[in-house]
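Structural overview
Each chain, written out:
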Amino acid sequence: MANRKTNAKTRTPSTHQMRPQNQNNSRRITNEKNQSNNNNSSNEHRQALSQVDWQRVNPKTEHYEFGGPFGAFAMITLLPIVVLAFALGCDSEGYDPFQRTYGFLNDLLAGKFSRDVLLAMVTSVNPYAFLWYILFVCQLTAFAIWLPGDCLDGTKLRDGSRLKYKLNGLQSAQTLFMIGMMANRGQGYRMPMWVYNNFADLAVASVIFAFLVSIGVYVGSFNDKRRLLSLGGNTGNPIYDFMVGRELNPRIGSFDIKFFTELRPGLLGWMFINICMGIKQYADLLRVTNSMVLVCAFQAIYVLDALYNEASILTTMDITTDGFGFMLAFGNYSWVPMMYSLQARYLADHPVDLSITAVFAIVALQATGYYLFRSSNSQKDIFRREPNDPRVQSLEYIETSTGSRLLISGWWGKARHINYFGDWLMSVAWCLPCGFDSIVPYFYCIYFAILLIHRERRDDEKCRRKYGADWDRYCSAVKYRIIPYIY
């Protein structure tokens, strides 16, 4: 018979798509000295482990994901090409990134470009875009380090340590935009128009920066044998480990690189680009279309929701399980800001005026998706923290032999990843304001569906290995993966 207590198995989606839960009633330490002392305690605990202990804590990875080394190499090479194709192949003359990229590659292979022409293409990249991007990330880094914020314990790691994290994402966002507005007083549309005109250069800068970070953390993972490695990124194959991430939580002192990367540069860069595109449209039309308002508002809610509920990213698979390598670095430094702003870019180049009926229908879809996502995740969060709360005390779970508890009622009894469904509904609502003249703005919801299905399959495989027969019992109780009665 199912029991009723706490949940240890429901997870939020990925990086661009994660919205952590409310941190109220969580253990907090606001004294920075205490934070330093606790980090030192974790370091001392790690130093006390013998070499034999570290070999046990960091076993060699025997199982490949993502198609193994070949798939890893494909992701490292193809994903940057996709970002650059969309940056260079989408403008006011048309949104046909694939056709333009295909034509360029055909001409390149046919030898139609001389060495001087190719060199001119490379040197034409605006160096100030790279400087601007670096300063943007450095500014966010300074905010993360020096702005005040609550400090929270992370989950207990395999080596017995427990890291501390400062939560000041919302403060960072507020400071970034306030400083931006004050710095641009009297400048008119200069900054937004510069971002629009140099978007492709910024995309190149983001790709280069992502590679630099990925190389840095990969090389750094070999500097000290007393580093906690990812269980999935210690294969010994440099291409695969570089992509997946070899070290679990790379840090510089108390500054956690992965935690910072998950929510700051990608999400805030995305929101900033959206605002610039909205201002660019206003500069052209002397008004902002209702479609642009919907896209910017919906996606701003997404970003601010993630920052407001920053705490529970600490219990997600990205922080507790996945290593930090090219996949997460590129995803957050380049893919999220450059690809997720596609709808706002499209509307800046090709304005769309929606009917009142269309506006209400899209708002209803967004509200449905948000309610489903937020209420399901809130239910999970309350159930985890306060199992006797009247809102969740009637929920049922299956207790596994490992001590984990798997929810089988409420939202989580309808599908194993019901929050993914709400997430995807919102992605469709973000694309619909762009109309139907081009399929390119719908790239996001198509890609996102593939991402969520793949992520759910990864999670299912890991849980099956971890829980064994208990997982089969759980799947019998909760039959659907993401969409109730359908999938």
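Residues numbered from 1 in each chain as written. Predicted model: local features only at pLDDT ≥ 70, side-chain atom pairs only at ≥ 80, totals over all residues. Heavy atoms only, no water.

Time to look at the nonpolar core. Judged by nonpolar contacts, the single largest core of 120 residues is most densely connected at Leu 268 and Tyr 333. Residues in contact with Leu 268, not counting those within four places in the same chain, are Phe 136, Leu 140, Ala 173, Leu 176, Phe 177, Leu 263, Val 303 and Leu 307. In this structure, Ile 408, Cys 463, Tyr 474 and Cys 475 belong to the second largest nonpolar core, which totals nine residues. (Core = buried A, V, L, I, M, F, W, Y, C linked by side-chain atoms within 4.5 Å. Buried < 20%, exposed > 50% of the residue type's maximum accessible area, 1.4 Å probe, protein only. Contact = heavy atoms within 4.5 Å.)

A separate point is the packing of aromatic side chains. Per the counting criterion, the structure on display carries 35 aromatic pairs. Pairing Trp 335 with Tyr 447 gives two aromatic rings, centres 5.4 Å apart and planes at 55°, and the pair type is tilted. Of this pair, Trp 335 sits in helix H15 (residues 326–339) while Tyr 447 sits in helix H19 (residues 443–467), placing them 112 residues apart in sequence. For the pair formed by Trp 335 and Tyr 447, the shared burial category is buried. Each residue in the set Phe 86, Phe 98, Trp 270, Tyr 302, Trp 335, Tyr 340, Trp 430, Phe 443, Tyr 444, Tyr 447 and Phe 448 is aromatic and connected to the rest through ring pairs, giving one cluster. When the ring centre of Phe 222 is taken as reference, the NZ or CZ atom of Arg 246 above it lies at 3.9 Å. In this structure, Lys 280 packs its charged tip against the face of Tyr 196, placed 4.4 Å from the ring centre. (Phe/Tyr/Trp six-rings, centres within 6.5 Å; stacked < 30°, edge-to-face > 60°. Helix = DSSP H or I, 4+ residues; strand = E, 2+ residues; numbered from the N terminus. Lys NZ or Arg CZ within 6 Å of the ring centre and 35° of its normal.)

Before going further, it helps to examine the side chain of Arg 416. Along the polypeptide, Arg 416 turns up in the loop between strand S9 (405–407) and helix H18 (418–431). Side-chain polar atoms of Arg 416 contact the backbone oxygen of Val 478, separated by 3.0 Å. Among the polar contacts made by the side chain of Arg 416, one reaches the main-chain carbonyl oxygen of Lys 479 at a distance of 3.0 Å. Those residues in contact with Arg 416 that lie beyond four places of it in its chain are Glu 456, Asp 460, Trp 471, Tyr 474, Cys 475, Val 478, Lys 479, Tyr 480 and Arg 481. (Polar contact = N/O pair within 3.5 Å; in protein donor to acceptor, adjacent residues only side chain to side chain.)

A few words on H19. Under the 1.5 Å per step criterion, the end-to-end length of H19 is 36 Å for 25 residues, consistent within 8% with the ideal 36 Å. After H19 finishes, the residue Gly 468 shows a positive phi value of roughly 60°. (Expected span 1.5 Å × (residues − 1).)

Each disulfide is one covalent bond, formed between the sulfur atoms of two cysteines. Counted under the stated rule, the structure contains zero disulfides. With no disulfide of its own, Cys 434 lies 6.6 Å from the sulfur of Cys 431, the closest cysteine sulfur. For Cys 475, which is in no disulfide, the shortest distance to another cysteine sulfur is to Cys 463 and amounts to 8.6 Å. Note on Cys 475: relative accessible area 13%, which makes it buried. (Disulfide = S-S within 2.5 Å.)

A cluster of nonpolar residues, Phe 104, Leu 105, Leu 108, Val 117, Met 121 and Val 122, forms a patch on the protein surface that exposes about 480 Å² of accessible area. Among the secondary structure elements, those contributing two or more residues to the nonpolar patch are helix H4 (97–109) and helix H5 (115–123). Mapping Leu 105 onto the fold places it in helix H4. What makes Leu 105 partly exposed here is its relative accessible area of 42%. (Patch = residues over 30% accessible without salt bridge, like charges linked within 9 Å, V, L, I, M, F, W, Y side chains within 5 Å. Areas by Shrake-Rupley, 256 points an atom, 1.4 Å probe, with all protein chains shown as cover. Salt bridge = Lys/Arg side-chain N within 4 Å of Asp/Glu carboxyl O.)

With 14 residues, H15 extends only 17 Å from end C-alpha to end C-alpha; this falls clearly short of the ideal 20 Å at 1.5 Å per step. With 14 of 14 residues buried, H15 lies mostly within the body of the structure.

At a minimum axis separation of 10 Å, helix H13 (residues 290–308) and helix H16 (residues 342–349) run at an interaxial angle of 160°. As judged from the angle between their axes, H13 and H16 are roughly antiparallel. Two packed elements cross with a definite hand, and for H13 against H16 that hand is left-handed. On H16, the residues that touch Ser 291, Met 292, Val 295 and Gln 299 of H13 are Gln 343, Ala 344, Leu 347 and Ala 348. Tallied by class, the residues present in the contact of H13 with H16 amount to five nonpolar, three polar and no charged. (Axes fitted to C-alpha atoms, helices over the stretch in contact; angles between N-to-C directions. Parallel < 35°, antiparallel > 145°, perpendicular 65-115°, else oblique. Left-handed = near helix turned anticlockwise from the far one by under 90°. Nonpolar A, V, L, I, M, F, W, Y, C, P; charged D, E, K, R; others polar.)

All right, on to empty space enclosed by the protein then. Rolled over the atoms, a probe as big as a water molecule pinpoints where empty space is left. Here the structure, examined in full by the defined rule, presents three cavities of 30 Å³ or more. Empty space within the largest cavity amounts to approximately 80 Å³. Around the largest cavity sit Trp 132, Tyr 133, Phe 136, Val 195, Leu 202, Pro 265, Gly 269, Phe 272, Ile 273, Tyr 333, Pro 337 and Met 338, which together line it. Those elements that place two or more of their residues in the lining of the largest cavity are helix H6 (127–146), helix H12 (265–285) and H15. Broken down by element, the lining of the largest cavity gets its largest block of residues, four residues, from H12. The calculated volume of the second largest cavity comes to roughly 40 Å³. (1 Å grid on protein atoms, 1.4 Å probe; cavity = no way out; pocket = protein on both sides within 12 Å on 5 of 7 lines; lining within 4 Å. Points joined across faces, edges and corners; volume = space filled by probe spheres on them.)

Any link to function would need more than the numbers given here.
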